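Residue-level structure breakdown
For reference, the chains in residue letters:
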Amino acid sequence: MGVVKLSAEKDIADKIAAAKAKLVVVEPKPISPYAALGAAALAATAAVVMAGVVVLGPGVRFDEPPATYGP
């Protein structure tokens, strides 16, 4: 009977250890400042490209102002 009790205690101890292992919280990796810098650079590049499309895109035309005559 003593052997059965030790085996049951070992099973319970194993189950408790497995449950504790599941409770361990892994801390997330901190956000890199280089990632934020890259995102800002990407956003700035996209803004410049969109501005270029508006300025140089199809249908956009710049007419020269009429010549003025001086006295």
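What you see is a predicted model; the values in this text were computed from it and never measured. (Residues numbered from 1 in each chain as written. Predicted model: local features only at pLDDT ≥ 70, side-chain atom pairs only at ≥ 80, totals over all residues. Heavy atoms only, no water.)

As for the overall build of the protein chain
In terms of regular secondary structure, the protein chain is built from two helices and zero strands. The buried share of the protein chain, reckoned over its 71 residues, is 1%. Taken as a whole, the protein chain presents about 7,100 Å² of accessible surface, with 72% of it coming from carbon and sulfur. (Helix = DSSP H or I, 4+ residues; strand = E, 2+ residues; numbered from the N terminus. Buried < 20%, exposed > 50% of the residue type's maximum accessible area, 1.4 Å probe, protein only. Areas by Shrake-Rupley, 256 points an atom, 1.4 Å probe, with all protein chains shown as cover.)

Comments concerning the pattern of salt bridges
Considering all chains together, one arrives at one salt bridge under this definition. Two residues, D14 and K10, come together in a salt bridge whose shortest N-O distance is 3.7 Å. Within this pair, D14 and its partner K10 are both found in helix α1 (residues 2-23), separated by four residues, close to a single helical turn. Looking at D14, the relative accessible area reads 42%, which means it is partly exposed. Under the relative-accessibility criterion, K10 is labelled exposed at 53%. (Salt bridge = Lys/Arg side-chain N within 4 Å of Asp/Glu carboxyl O.)

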